[in-house]
Amino acid sequence: MMSSATDRLSGVQSDIRSAEAEFGRPDNAVELIAVSKTFAAEDIVPVLDAGQRVFGENRVQEAMGKWPGLRERYADIELHLIGPLQSNKAREAVATFDVIHTVDRPKIARALKTEMEKQGRNLPCFIQVNTGEEPQKAGIAPKDVASFLAECRDGAGLNIVGLMCIPPIDEAPGEHFALLEKLAKRSGLEQLSMGMSSDYRVAVGFGATYVRVGSAIFGARG
């Protein structure tokens, strides 16, 4: 019999707790972001009913289409933007999301701060780091993290709370998680957004505070 999304959610939650114990992390040190991109509101409701409240979306427009109605029914939802952001979507992103994980260039930092001031919001933000320095992938090069962090904080006045990465698919993720952890410590940042369905246990071992898990909960995307 095929397992349901709620069964898979429970399994992922248990797996995170056991990984915390295995790697000597405090209980509940890791927050699960259930990545609901491409799934409709009706697919998300069972997971909400099971108690999950922290969700991730990749696209601003998609999130705007399905989350306002869900927020009316579940007031304590926390929505994270984990996909690339264009500066012309900053207004909608600030209005729709509670946390931004993909600050990756000065223009985005300035646009977000402008919109936060207009809307009276101060969202926690993560700098996306391109740990593999892949030319096709968004993110700041590791060597530029310190200078970009200063620019985001001092120049744009953003509330930067941590670093985020997506390792290359053909490399061992642990190397990249270790690098992100080192960069965060060097920068005095306590939050690490890393680890997805295939490698979240590894990420827990390297200090992840948020893991972004989609298909392991919702199933394969069409």
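Worth saying up front: this structure is predicted, and the values here are computed from it rather than measured.

Visitor: Any chance you could break down the nonpolar core for me, citing the residues and the numbers?
Guide: Across soluble globular proteins, you tend to see nonpolar side chains buried next to one another. One finds Leu112, Leu163 and Val211 to be the most contacted residues of the largest nonpolar core, which totals 63 residues. Leucine 163 has contacts with Phe126, Ile127, Val129, Val145, Leu180, Leu183, Ala184, Leu189, Gln191, Leu192 and Ser193, leaving out every residue within four places of it along the chain. Within the second largest apolar cluster, eight residues are counted, among which are Val35, Val54, Phe126 and Tyr210.

Visitor: For the pairing of strand 1 (residues 31–35), give the residues involved together with the corresponding values.
Guide: Most of strand 1 is tucked away, with four of its five residues classed as buried. Note that strand 1 and strand 8 (residues 210–213) share four bridges and pair parallel. Bridge assignment links isoleucine 33 to a residue of strand 8, and that residue is arginine 212. One ladder, built from two bridges, connects strand 1 with strand 2 (residues 54–57); its direction is parallel. For alanine 34, the partnering residue across the bridge sits in strand 2 and is phenylalanine 55. Handedness of the β-α-β unit built from strand 1, helix 2 (residues 41–49) and strand 2 comes out right-handed.

Visitor: I'd like to hear about the packing of helix 2 against helix 3 (residues 60–73), residue by residue, with values.
Guide: Think of two packed helices as two axes; the pair is described by the angle between the axes and how far apart they sit. At a minimum axis distance of 11 Å, the contact between helix 2 and helix 3 shows a crossing angle of 30 degrees. Helix 2 and helix 3 meet at a crossing whose hand is right-handed. Here Ala41, Ile44, Val45 and Leu48 of helix 2 come into contact with helix 3, specifically with Lys66, Trp67, Leu70 and Arg73.

The rules behind the values
Residues numbered from 1 in each chain as written. Predicted model: local features only at pLDDT ≥ 70, side-chain atom pairs only at ≥ 80, totals over all residues. Heavy atoms only, no water. Core = buried A, V, L, I, M, F, W, Y, C linked by side-chain atoms within 4.5 Å. Buried < 20%, exposed > 50% of the residue type's maximum accessible area, 1.4 Å probe, protein only. Contact = heavy atoms within 4.5 Å. Helix = DSSP H or I, 4+ residues; strand = E, 2+ residues; numbered from the N terminus. Pairing = 2+ DSSP bridges. Right-handed = clockwise from strand over helix to strand, strands pointing away. Axes fitted to C-alpha atoms, helices over the stretch in contact; angles between N-to-C directions. Left-handed = near helix turned anticlockwise from the far one by under 90°.

These figures come from the coordinates and say nothing about function on their own.
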